[in-house]
2 protein chains.
Amino acid sequence: MKQRATSFDIAYQAGVSQSTVSRALRNSPLVNEETRKRVQAIAKELNYKVDKNASNLRSQHTGTLALLLFEDPTTDDSLINPFFLSMLGSITRAAARKGYDLLVSFQQLSDDWHADYEDASKADGIILLGYGDYVDYAEKLKKLYEQGTHFVRYGSVAEDQPGVSFGCDNFQGGYLATQHLIALGRKHFAFLGDATESAPEFWARYQGHCKAIQEAGLDVRSECQISAISTEESGFVAGKKLLEKDIQIDAVMGASDMIAIGAMRAFQENGLKVPDDIAVVGFDDIPISHFTNPPLTTIQQNTKLAGEILIESLVNLIHGVEVKASLTPAKLIVRKSCGCG
Amino acid sequence: MKQRATSFDIAYQAGVSQSTVSRALRNSPLVNEETRKRVQAIAKELNYKVDKNASNLRSQHTGTLALLLFEDPTTDDSLINPFFLSMLGSITRAAARKGYDLLVSFQQLSDDWHADYEDASKADGIILLGYGDYVDYAEKLKKLYEQGTHFVRYGSVAEDQPGVSFGCDNFQGGYLATQHLIALGRKHFAFLGDATESAPEFWARYQGHCKAIQEAGLDVRSECQISAISTEESGFVAGKKLLEKDIQIDAVMGASDMIAIGAMRAFQENGLKVPDDIAVVGFDDIPISHFTNPPLTTIQQNTKLAGEILIESLVNLIHGVEVKASLTPAKLIVRKSCGCG
DNA sequence: CTGAAAGCGCTTACAG
DNA sequence: CTGAAAGCGCTTACAG
């Protein structure tokens, strides 16, 4: 392997000082047009690339952003929540467009991640992605915030959270989905998914769900909310539990697509027809929901927009620009699982 | 934001030299047990983290690996090939286990990526991931290799490729899938997917497919191989084209799951029943294939194993250990789209 | 517009 | 086992 060229090599060849090389390479207006061209030509010829470690060390910033992806502790080793994967894609793209590199790391909620990334000066800022808002998590957020770490997160958006949060309008999503069911004549609802403060996104979806039911003059039956985390298996189990209760149900909202898909399997295994006997809506619009049987009507989170907002806000934060939390709109995607399309 | 502590701060508090601090923190055997404990305690208290830029600059390695994900140029902006996403997950995990960070970057084949990552000393090595093996790509590989860059790639494994490649045993996969169709009594085959040298993975799958047909004493009909890239839409179009040919077909192999899924849609739209009228197999075992209607029988690429091998090999390469190309086995996953399961 | 010099925060010979 | 010193390759005041 050939030795890499340094700015001194270029300086020598160009007959200028190393400082001038450094300036020329970064298109400093201070440097003579002609000198700059000459220097850049030589740099290209020598296949020179600035040493990021050196430049970062000196200038005290890194040009990279860290994405910390928290996984639900119960998630099996091989399967990452498909929704995160799609966020990951859009975040990576948005970061690239802004000229930042992206360091990706999967974290277990239990890890002592504690600002490791920015502290280790590996990143200028951090993006936090992950369901839930466990007590533990909130505490760490606070610590991050107090340390002055630049970070944004995607998930639930609440008043009292430290730092800047973005998320889908979960309440609106739950409301829209349920309104859709109501418009199709459904009357007896169930909601599958945790509706507690440790799962604030699901909770907001549930609130929207309840509001739509109440507005329609129908009853919210608390026994029809059954806990589940965002996996197919958990949705399946919740679906079974619902059936065991033996109460009248003609429409089910899953707190996520994975839950809805699992529930559909439970219903179909029990001989129920979706949507004829029971309508099902999901939430997320993961790619799989196109292909389920029947295709799943769901609420889309605009991951592309979210990725862009996240990156843009984080970059602003890094540059000292103030940034406010915001919600991206939820959009109903009508397919077949509710009986209309 | 508080100023970060440096090794000098620790040295001062511990009453030792900065060199000793550096050694103690890295668990050097040279340093006294007691001194080490004291230094580490102080470091912890000060919430000290080594500055990676400084340590990397000095020691000339980075502790990070770069994953360059090449996208099919035709792929729409919002949808990343689900198979890559799953590789990404497993690679990230494997890298973390080895103590490396992962820098992720999506590349267009047209970009001048040209070793930017290692050259910019952002990474100790590079993982290349992406379908296809375009002429352009091969040339860049060669350049990387000549520069002494450490890299591994996942995809097709061929003799004449520069660098070390890993991949699924695509030939075996095509063979197994087709054997399965034959065992179920199918006799009239088609293959959907590019079978050219610019898509060597698909090509190998096609070869395996043909071999199984020939071994069964059946005919390979060249008009039954129809080009498609790995998207649902392309598979749909290829499926339509196949039907237009109006030749007898009772079994179709898609070169990838996305192609197979698109083809199923084409068949079903034309009133054909899958698997009764026409059996369909895919390749990849992406999560979606569980949920299609009918669920897709397919060939699984072991992404978890592949991610581990990729990382392990790259780390070995970085440490000067020789590494050989290898194939991970293909595994038939029987679901319903072939009429048995 | 350019150059000489300092220094970012570490690691690692070198000397003891 | 420990310390003083050099130096990784840049960027950036400072001086001209």
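- As annotated in an unreviewed UniProt entry, chain A carries the name LacI family DNA-binding transcriptional regulator and comes from Catenovulum sediminis.

1. Observations concerning the overall build of chain A
- Counting its regular elements, chain A contains 12 helices and 12 strands.
- A buried classification covers 55% of the 341 residues belonging to chain A.
- For chain A, restricting intrachain contacts to residue pairs at least 6 apart in sequence, the fraction spanning at least 24 positions comes to 74%.
- Working note: accessible area of chain A is about 15000 Å², and carbon and sulfur atoms make up 50% of it.

2. Some points on the sheet that holds strand β8 (residues 251–254) of chain A
All names here are of chain A.
- Reading across from one edge, β7-β6-β8-β9 is the order of the four strands in this open sheet, with parallel pairing throughout. Only two strands of the sheet have a single partner each, and these edge strands are β7 (225–226) and β9 (279–281).
- Bridge count between β8 and β9: three bridges; the pairing is parallel. Paired with Met253 across the bridge in β9 is Val281.
- Sitting on the sheet, helix α11 (residues 257–269) touches β6 (189–192), β8 and β9, and the angle it makes with β9 is about 160°.

3. Focus: the side chain of Gln225 of chain B
Residues and elements named next belong to chain B.
- Mapped onto the elements, Gln225 comes out in strand β7 (residues 225–226).
- Within the structure, Gln225 has its side chain in polar contact with the backbone oxygen of Gly193 (distance 2.7 Å).
- What Gln225 contacts, discounting residues up to four positions off in sequence, is Phe191, Gly193, Asp194, Ala195 and Tyr206.

4. Quick look at unusual backbone geometry
All names here are of chain A.
- Across the junction of Asn293 and Pro294, the peptide omega takes the value -5°, indicating a cis bond.
- Along the polypeptide, Pro294 turns up in the loop between β9 and β10 (298–301).
- The backbone phi angle of Asn27 is positive, close to 55°, even though this residue is not glycine.
- With respect to the element layout, Asn27 can be found in the loop between α2 (18–25) and α3 (33–45).
- Looking at Asn27, the relative accessible area reads 47%, which means it is partly exposed.
- We note that Asp284 has phi near 130°; this positive angle belongs to a residue other than glycine.
- Among the structural elements, Asp284 can be located in the loop between β9 and β10.
- In this structure Asp284 comes out as buried when scored by relative accessible area, which is 3%.

5. As for the protein's contact with DNA strand D
- Around DNA strand D sit 26 residues in total, of which Gln18, Ser22 and Arg58 of chain A together with Thr20 and Arg23 of chain B are the nearest.
- Within 4 Å of the protein, atoms of DNA strand D come from sugar and phosphate in 57% of cases.
- Within the side chain of Tyr48 of chain A, an N or O atom sits 2.9 Å from a phosphate oxygen of DNA strand D.
- A distance of 2.7 Å is found between a phosphate oxygen of DNA strand D and a side-chain nitrogen or oxygen belonging to Thr20 of chain B.
- Taken together, the elements giving at least two residues each to the surface near DNA strand D come down to α2 and α4 (52–59) of chain A together with α2 (18–25) and α4 (52–59) of chain B.
- Of the residues contributing to the surface near DNA strand D, the split by class is seven nonpolar, 13 polar and six charged.

6. Some thoughts on the side chain of Thr92 of chain A
- Mapped onto the secondary structure, Thr92 of chain A falls in helix α5 (residues 82–97).
- On the basis of relative accessible area, Thr92 of chain A is assigned to the buried category, the value being 3%.
- Residues contacting Thr92 of chain A, with those up to four places away along its chain left out, are Leu102 of chain A together with Val104, Ser105 and Phe106 of chain B.

7. Let's talk about the protein's contact with DNA strand C
- In the region of DNA strand C, 27 residues are neighbours, and Thr20 and Arg23 of chain A together with Gln18, Ser22 and Arg58 of chain B sit closest.
- Take the atoms of DNA strand C that sit within 4 Å of the protein: sugar and phosphate atoms are 57% of them.
- At 2.6 Å from a base nitrogen of DNA strand C is found a side-chain nitrogen or oxygen belonging to Arg23 of chain A.
- Ser22 of chain B is positioned such that a nitrogen or oxygen atom in its side chain is 2.3 Å from a phosphate oxygen of DNA strand C.
- For the surface near DNA strand C, the secondary structure elements donating two or more residues are α2 and α4 of chain A together with α2 and α4 of chain B.
- Here the element with the most residues in the surface near DNA strand C is α4 of chain B; it accounts for five residues.

Conventions we followed
- Residues numbered from 1 in each chain as written.
- Chains lettered and ligands numbered in written order.
- Predicted model: local features only at pLDDT ≥ 70, side-chain atom pairs only at ≥ 80, totals over all residues.
- Heavy atoms only, no water.
- Helix = DSSP H or I, 4+ residues; strand = E, 2+ residues; numbered from the N terminus.
- Buried < 20%, exposed > 50% of the residue type's maximum accessible area, 1.4 Å probe, protein only.
- Contact = heavy atoms within 4.5 Å.
- Areas by Shrake-Rupley, 256 points an atom, 1.4 Å probe, with all protein chains shown as cover.
- Pairing = 2+ DSSP bridges.
- Axes fitted to C-alpha atoms, helices over the stretch in contact; angles between N-to-C directions.
- Polar contact = N/O pair within 3.5 Å; in protein donor to acceptor, adjacent residues only side chain to side chain.
- Near = heavy atom within 4 Å.
- Nonpolar A, V, L, I, M, F, W, Y, C, P; charged D, E, K, R; others polar.

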